[in-house]
Amino acid sequence: MSLQAKVIWFIYSVLWCLLLPLVMLRLVYRAWKAPEYAKRVCERFGIFDYSSPKESIWVHAVSVGETLAAAPIIKALVKKYPDCEVVVTTMTPTGSERVRALFGDTVFHVYAPYDFPLAVKRFLTKVRPKAAIIMETELWPNTLKILRDQDVPIVLANARLSERSANGYRKVGFISEEMMKCLTIVAAQNQLDADRFKSLGVGEQQIYVTGSIKFDVQLPDDLSEHAFQLRKQLGNDRDVLIAASTHEGEESQLLDLYQQLKRRLPELLLVIVPRHPERFRTVEQLVVRRGMTLARRSKGESCSEQTDVYLGDTMGEMMLMYQASDLVFMGGSLVEHGGHNPMEPAALGKPVLTGVHTFNFEEIMNKMIDAQSVKRIQNSIELMGAVEQLFTDGDLYQRMSKASIDVVKKNQGALNYLLELIDNELKN
């Protein structure tokens with residue numbers, strides 16, 4: 001590393017020290033909104049109990065989406081490397097809850113350390129990773145540098161990089177270029193992502209275009225049975241529209257839309273599943289204030305003919321909710337959040353509707369739109385028309401349903417490719 005790079009890294013670390021009080025204030029603020037953030041704070045500084053005599057394979061997934069994407073990788077690593085402890089880290093309580101639910105005690109779970117040098121070194125000293133597998137784009141300079149200094153290979157798995165994010169990295173090119181050089185392998189979702197990583201300094205020999213492992217959806221064996229029971233609670237004679245992973249500003253639009261649609265589709269039921277659990281109560285109040293009738297998943301309530309909204313206020317049941325519904329609207333796309341992963345509903349043969357803000361899943365959405373399994377709408381008025389059309393045009397519904405399954409099957413295979421790359425690094 002050049003003297004200039006060393007100076008830059010030193011300045012970055014000093015800034016971390018200076019900004020630490022603000023980081024803690026932000027944690028307090030998040031804990032105020034979501035109390036789970038107040039728990040296990042020490043883990044974020046690399047302070048936790050860990051006594052495994054084994055070397056580890058470290059998998060880092062920021063939150064729920066990345067954890068679900070990483071699940072088949074983690075399961076394969078646990079099975080293939082019994083002599084290693086698989087350590088799974090997240091940054092959010094919701095991600096933590098998913099790790100616990102999916103893997104139990106088959107992996108060791110802890111929050112990832114803040115990118116503070118002492119915290120990162122303390123964490124790595126304890127877990128002693130043979131390799132670090134980071135999901136998508138969760139890149140932190142000190143973590144990457146210390147891993148490289150310790151000769152730990154770093155695999156950026158299912159890597160994606162939007163043009164907006166790439167421009168952000170370019171603005172801090174004085175450190176992002178050195179950071180990118182730390183990566184051993186970048187397993188990019190598509191050529192566009194690969195080119196963006198290359199433009200930021202990743203060597204061409206480090207980049208592989210594997211496709212997105214999110215196409216390799218694994219359906220639970222008991223999904224159909226549980227979905228059958230849930231559908232009875234929703235109403236077998238109802239038309240069920242699910243608004244999945246919604247964000248602030250979307251639910252109000254969807255509730256207004258529902259009230260208009262109900263005049264044309266009297267059997268319509270709206271299922272809303274907010275992205276963040278701390279917003280469950282807020283969305284419930286939005287429904288009640290409109291004088292609409294509500295049933296809640298958390299209380300095991302069933303829907304009557306008069307029920308307008310079913311609130312999915314539980315965690316870890318999104319796949320179940322998809323299977324029990326007829327039509328899916330992907331949240332985070334009516335507001336500038338960037339959308340969410342449409343693979344799970346598509347794998348279940350559900351037609352998918354989305355707004356225009358889908359930059360988080362740009363390539364996937366474009367493939368699905370081209371395959372006519374996803375319809376992109378410009379605003380809530382277009383959404384109303386699309387919902388009505390799909391519930392009244394059976395042929396269109398069936399075509400989109402078949403296209404959803406076909407596009408998922410056509411693009412599978414990234415998982416095996418990625419596991420081969422990881423296996424090669426672990427053997428070196």
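The rules behind these values
- Residues numbered from 1 in each chain as written.
- Predicted model: local features only at pLDDT ≥ 70, side-chain atom pairs only at ≥ 80, totals over all residues.
- Heavy atoms only, no water.
- Helix = DSSP H or I, 4+ residues; strand = E, 2+ residues; numbered from the N terminus.
- Rg over C-alpha atoms; globule rule 2.2 N^0.38 Å.
- Buried < 20%, exposed > 50% of the residue type's maximum accessible area, 1.4 Å probe, protein only.
- Contact = heavy atoms within 4.5 Å.
- Lys, Arg positive; Asp, Glu negative; His and termini not counted.
- Charge placed at Lys NZ, Arg CZ, Asp CG, Glu CD.
- Axes fitted to C-alpha atoms, helices over the stretch in contact; angles between N-to-C directions.
- Parallel < 35°, antiparallel > 145°, perpendicular 65-115°, else oblique.
- Left-handed = near helix turned anticlockwise from the far one by under 90°.
- Nonpolar A, V, L, I, M, F, W, Y, C, P; charged D, E, K, R; others polar.
- Pairing = 2+ DSSP bridges.
- UniProt positions renumbered as here; feature names shortened; annotations may be inferred.
- Salt bridge = Lys/Arg side-chain N within 4 Å of Asp/Glu carboxyl O.
- Polar contact = N/O pair within 3.5 Å; in protein donor to acceptor, adjacent residues only side chain to side chain.
- Right-handed = clockwise from strand over helix to strand, strands pointing away.

### Section: the overall build of the chain
From N to C terminus, the chain includes 17 helices and 14 strands. For a compact globule of 428 residues, the expected C-alpha radius of gyration is about 22 Å, and the chain comes in at 22 Å, within 12% of that figure. Projected onto its principal axes, the C-alpha positions of the chain cover 70 × 45 × 40 Å. Expressed as a percentage of the 428 residues in the chain, the buried residues total 56%. Across the chain, contacts joining residues at least 24 apart in sequence account for 68% of those joining residues at least 6 apart. Positive and negative side-chain charges of the chain, numbering 51 and 52 respectively, have mean locations separated by a distance of 3 Å.

### Some remarks on the packing of helix H2 (residues 64-80) against helix H17 (residues 414-427)
One can describe the packing of H2 onto H17 by two numbers: an axis separation of 11 Å at closest approach and a directional angle of 45 degrees. Here H2 is positioned oblique relative to H17, judged by the angle of their axes. The crossing of H2 and H17 is right-handed. Contacts between H2 and H17 involve Pro72, Ile73, Ala76, Leu77 and Lys80 from the first element and Leu415, Leu418, Leu419, Ile422 and Asp423 from the second. A per-class count over the contact of H2 with H17 returns eight nonpolar, no polar and two charged.

### Overview of the sheet that holds strand E4 (residues 129-135)
Here we have seven strands laid out as an open sheet, ordered E3-E2-E1-E4-E5-E6-E7, and parallel in their pairing. The open sheet has two free edges, formed respectively by strand E3 (108-111) and strand E7 (207-209), since each of these has just one partner strand. Each strand axis lies, on average, 20 degrees off the axis of its neighbour in the sheet, ignoring direction. As judged from the four bridges shared by E4 and strand E5 (residues 154-159), these two strands associate in the parallel manner. Bridged to Met135 within E5 is Ala157. The strands that helix H8 (residues 191-199) touches are E5, strand E6 (185-188) and E7; relative to E7, the one it contacts most, it runs at about 170 degrees.

### Thoughts on the UniProt feature "domain: Glycosyl transferase family" (unreviewed entry) in the chain
Sequence positions flagged by UniProt for "domain: Glycosyl transferase family" (unreviewed entry) are, in local numbering, residues 252-404. Secondary structure content for residues 252-404 is 42% helix and 15% strand, while the C-alpha to C-alpha distance between its ends is 28 Å.

### So, the sheet that holds strand E14 (residues 374-376)
Read across the sheet, seven strands follow the order E10-E11-E9-E8-E12-E13-E14 without closing on themselves; strand pairing throughout is parallel. Only two strands of the sheet have a single partner each, and these edge strands are strand E10 (294-296) and E14. Strand-to-strand twist of the sheet, defined as the mean angle between neighbouring strand axes without regard to direction, takes the value 20 degrees. Taken together, the seven bridges between strand E8 (residues 239-246) and strand E9 (residues 268-274) define a ladder with parallel strand orientation. The partner of Ala244 across the bridge, within E9, is Val273.

### Examining the environment of Ala324
Relative to the helices and strands, Ala324 resides in the loop between helix H12 (318-323) and strand E12 (327-330). With sequence-adjacent residues up to four places away left out, Ala324 is seen in contact with Ala227, Leu230, Arg231, Leu234 and Val240.

### Remarks on the UniProt feature "domain: 3-deoxy-D-manno-octulosonic-acid transferase N-terminal" (unreviewed entry) in the chain
Those places that UniProt annotates as "domain: 3-deoxy-D-manno-octulosonic-acid transferase N-terminal" (unreviewed entry) correspond, in this numbering, to residues 40-217. Secondary structure content for residues 40-217 is 42% helix and 20% strand, while the C-alpha to C-alpha distance between its ends is 32 Å.

### Some thoughts on the pattern of salt bridges
Side chains that differ in sign of charge can pair as their charged atoms come close. Tallied over the full model, the rule gives 24 salt bridges. Among the salt bridges present, the one from Arg264 reaches Glu388, with a minimum N-O distance of 2.9 Å. In this pair, Arg264 sits in the loop between helix H10 (250-261) and E9 while Glu388 sits in helix H15 (residues 380-392), placing the two residues 124 residues apart along the sequence. Using a relative accessible area of 22% as the deciding quantity, one classes Glu388 as partly exposed.

### Digging into the packing of H10 against H15
Where H10 contacts H15, the two axes come as close as 10 Å, and the packing angle between them is 45 degrees. By the angle between their axes, H10 is oblique relative to H15. Seen from above, H10 lies across H15 with right-handed handedness. The residues of H15 that touch H10, namely those facing Gln253, Leu254, Leu257, Gln260 and Leu261, are Ser380, Leu383, Met384, Val387 and Glu388. Split by residue class, the contact of H10 with H15 holds six nonpolar, three polar and one charged.

### Concerning the environment of Gln233
One can find Gln233 in helix H9 (residues 223-234). Spatially, the C-alpha atoms of Gln233 and Ser304 are 8.6 Å apart, while their sequence positions differ by 71 residues. Apart from residues lying up to four places away in sequence, Gln233 is in contact with Arg297, Gly300, Glu301, Ser302, Cys303 and Tyr310. Side chain to side chain, Gln233 and Arg297 meet in a polar contact 3.2 Å long. Here Gly300 takes part through its backbone oxygen, which lies 3.4 Å from a polar atom of the side chain of Gln233.

### Some points on unusual backbone geometry
Positioned with a positive phi, Glu136 is a non-glycine residue whose angle comes to about 70 degrees. Looking at the element boundaries, Glu136 is found in the loop between E4 and helix H5 (141-149). Assessed through its relative accessible area of 2%, Glu136 is described here as buried. If you check the backbone angles, Ser245 has positive phi at about 55 degrees while not being a glycine. Position of Ser245 relative to the elements: it lies in strand E8. Residue Ser245 is classed as buried on the basis of its relative accessible area, which comes to 4%.

### Digging into the pairing of E5
In terms of burial, E5 is a largely internal element, six of the six residues being buried. Assessed by its sense of winding, the connection that carries the chain from E4 through H5 to E5 is right-handed. When E5 meets E6, the two strands line up parallel, connected through three bridges. Looking across to E6, one finds that Val155 is bridged to Ile185.

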